[in-house]
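Single-letter residue listing:
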Amino acid sequence: MGAGILEVVGFSIYTVEMPMRFSVSHSLAQRSVARNILVCARGVGGVVGWGESCPRAYVTGETIGTVKSELSNNILPEMVGMRFSSFEDLTGYLRDYFLEIDRDQQAAFCAAELAVLDLAGKTFGVSAGSVIGPIVKRKIRYSGVIAVKDPAKVRKYSWAMRLFRFREVKVKVGPSLKANLEKLGIVRRIMGPKVGIRVDANCAWESDEAIAQIKAMSKFGLCGVEQPVGGGDYEGMRRVTAEKLVPVIADESMCSMGDAERLIAEKGCDVFNIRVCKCGGLINSFDIYRKAVAAGIGCQLGCQVGESVILSAAGRHIGTRCEGLKWFEGSYGRLLLKRKIGRRGITIRFGGWGRSLDGDGLGVEPVGRRINESKIDLVEIA
């Protein structure tokens, strides 16, 4: 729109449920329904912006209930009535506000940040992704994910990944070495020798067991191992990383800037998994990325299982505006969710490809009617 002033007149907080096409499981959780928080930021003249959060108690300590409470009681009321004269004016405010956010408020703040960035982008006629910088890649290639336990389903989804022409795949593994070896054997046989395979343990092991399991699985030519030990076990992360068996990726251990700085100082990983939701939004995700680059730590784009087009769009901006990311996850859209809430979908295409987003705001447009079909709760902030 390119208007001269952004005034935030109110917010709506939606709790939504979207059924998934199949159940996803790993060492810490299993789900067949995506239960998310959506935030609608309202400006003057009917302009709206959208944000999203998929809280995970085992990641940042947040739940649907705590996110809704933080948004309705603390974060959003402070923003109502605020006026900004430029996109940069708003982003400066968000940076300052984030300094007061704790680790267990980051998923809540993410939904608020994305909503007002989307609103501001539409108001001032710029992309929300400009907080990161210019587009550096017009296309990125996403990984597939195999997150099932039953060997028959592992075969089924491995064939689906092969037929879709994924060149990278992440396999969820668990406590049992025997089951892990069987699963990886199936994936490697079906996917072939050229496909990159990394594993995600989701905190399944202690450090000694992690080292033993990784050594046993190395015959499958792993590209990386994600979160081999508990999220708070930084010494375990350091021990596994020091073995230099495969690149170690920090996920549950790396949510905040403080986490990133600790992992860098203690040599606790080789790669950061940056997920916009757990890292508190676009701005802090990019700041963590820059911290990693300066320290020689690699980065990948991660995602939340069951995220809608809103968080997928935020991830797309990270993926196409940050140089040198190793892997990309997300934008699974209608491949995973039975319902879509956006007018324009950004589900990955054949081969795992996704294009950069150029529109104002986040570059996607959720549809109120579709959101209402998935709504289970609504809170108005005015």
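In short, a report on the structure. (Residues numbered from 1 in each chain as written. Predicted model: local features only at pLDDT ≥ 70, side-chain atom pairs only at ≥ 80, totals over all residues. Heavy atoms only, no water.)

## Considering the sheet that holds strand E7 (residues 144-146)
Next, step 1: Taken together, seven strands build an open sheet; the order of strands is E7-E8-E9-E10-E11-E12-E13 and the sheet is parallel. Edge positions in the open sheet fall to E7 and strand E13 (298-301), since each of these has one partner strand only. Geometrically, the sheet is characterised by an average inter-axis angle of 25° between neighbouring strands, direction not taken into account.
Next, step 2: In terms of strand pairing, strand E9 (residues 196-200) meets strand E10 (residues 222-226) through four bridges, oriented parallel. Within E10, the residue paired with isoleucine 197 across the bridge is leucine 222.
Next, step 3: In this fold helix H9 (residues 282-295) packs onto strand E12 (271-274) and E13, with an angle of close to 170° to the strand it touches most, E12. (Pairing = 2+ DSSP bridges. Helix = DSSP H or I, 4+ residues; strand = E, 2+ residues; numbered from the N terminus. Axes fitted to C-alpha atoms, helices over the stretch in contact; angles between N-to-C directions. Contact = heavy atoms within 4.5 Å.)

## Points about the packing of aromatic side chains
Next, step 1: A full pass over the atoms with the stated rule returns 10 aromatic pairs.
Next, step 2: On the basis of an interplanar angle of 20° and a centroid distance of 5.8 Å, the ring pair of phenylalanine 286 and tyrosine 289 is categorised as stacked. Of this pair, phenylalanine 286 and tyrosine 289 both sit in helix H9, three residues apart, which is roughly one turn of that helix. The two residues phenylalanine 286 and tyrosine 289 agree in class, both being buried. (Phe/Tyr/Trp six-rings, centres within 6.5 Å; stacked < 30°, edge-to-face > 60°. Buried < 20%, exposed > 50% of the residue type's maximum accessible area, 1.4 Å probe, protein only.)

## Quick word on helix H2 (residues 87-98)
Next, step 1: Between its terminal C-alpha atoms H2 stretches 17 Å, which fits the 16 Å expected from 12 residues at 1.5 Å a residue.
Next, step 2: Next to the buried residues of H2 lie strand E1 (6-7), helix H1 (64-79), strand E5 (83-84), helix H3 (106-124) and H9. (Expected span 1.5 Å × (residues − 1).)

## Regarding unusual backbone geometry
Next, step 1: Phi at arginine 165 is positive, roughly 70°, even though this residue is not glycine.
Next, step 2: Here arginine 165 lies in the loop between helix H4 (151-163) and strand E8 (168-172).

## A few points about a positive patch on the surface
Next, step 1: Residues Lys139, Arg141, Arg162, Arg165, Arg167, Lys194 and Arg355 make up a contiguous surface patch of positive charge.
Next, step 2: Relative to the assigned elements, lysine 139 resides in strand E6 (residues 139-141).
Next, step 3: Residue lysine 139 is classed as partly exposed on the basis of its relative accessible area, which comes to 43%. (Patch = residues over 30% accessible without salt bridge, like charges linked within 9 Å, V, L, I, M, F, W, Y side chains within 5 Å. Areas by Shrake-Rupley, 256 points an atom, 1.4 Å probe, with all protein chains shown as cover. Salt bridge = Lys/Arg side-chain N within 4 Å of Asp/Glu carboxyl O. Lys, Arg positive; Asp, Glu negative; His and termini not counted. Charge placed at Lys NZ, Arg CZ, Asp CG, Glu CD.)

## Considering the state of the cysteines
Next, step 1: Tallied over the full model, the rule gives zero disulfides.
Next, step 2: Cysteine 279 takes part in no disulfide bond, and the closest cysteine sulfur, belonging to cysteine 255, lies 6.4 Å away. (Disulfide = S-S within 2.5 Å.)

## Examining the pattern of salt bridges
Next, step 1: Within this structure, the stated rule accounts for 22 salt bridges.
Next, step 2: For arginine 262, the salt bridge is made with glutamate 266, and the minimal N-O distance between the two is 3.0 Å.
Next, step 3: Look at the salt bridges and you will find they share partners, linking Lys170, Lys172, Arg198, Asp200, Glu226 and Glu329 into a network.

## Notes on the pairing of E9
Next, step 1: Most of E9 is tucked away: five of the five residues are buried.
Next, step 2: The alternating pattern of E9 places Gly196, Arg198 and Asp200 and Ile197 and Val199 on opposite faces, both of which are buried.
Next, step 3: Here E8 pairs with E9 via five bridges, running parallel. When the sheet's bridge partners are listed, lysine 172 is paired in E9 with aspartate 200.
Next, step 4: For the crossover from E8 across helix H5 (residues 177-191) to E9, the handedness is right-handed.
Next, step 5: Where the polypeptide runs from E9 across helix H6 (residues 207-217) and back to E10, its parallel neighbour, the crossover connection is right-handed. (Right-handed = clockwise from strand over helix to strand, strands pointing away.)

## Some points on the side chain of serine 312
Next, step 1: Residue placement: serine 312 occurs in helix H10 (residues 309-321).
Next, step 2: A distance of 3.2 Å separates a polar atom in the side chain of serine 312 from a polar atom in the side chain of glutamate 307.
Next, step 3: Not counting residues up to four positions away in its chain, the partners in contact with serine 312 are Glu307, Ser331 and Ile346. (Polar contact = N/O pair within 3.5 Å; in protein donor to acceptor, adjacent residues only side chain to side chain.)

## Here's the deal with the environment of methionine 82
Next, step 1: Among the structural elements, methionine 82 can be located in the loop between H1 and E5.
Next, step 2: Judged by its relative accessible area of 24%, methionine 82 falls in the partly exposed class.
Next, step 3: For methionine 82 and valine 8, which are 74 residues apart along the polypeptide, the C-alpha to C-alpha distance reads 5.6 Å.
Next, step 4: Residues contacting methionine 82, with those up to four places away along its chain left out, are Leu6, Glu7, Val8 and Tyr93.

Don't take any of this as a statement about function, it's just geometry.
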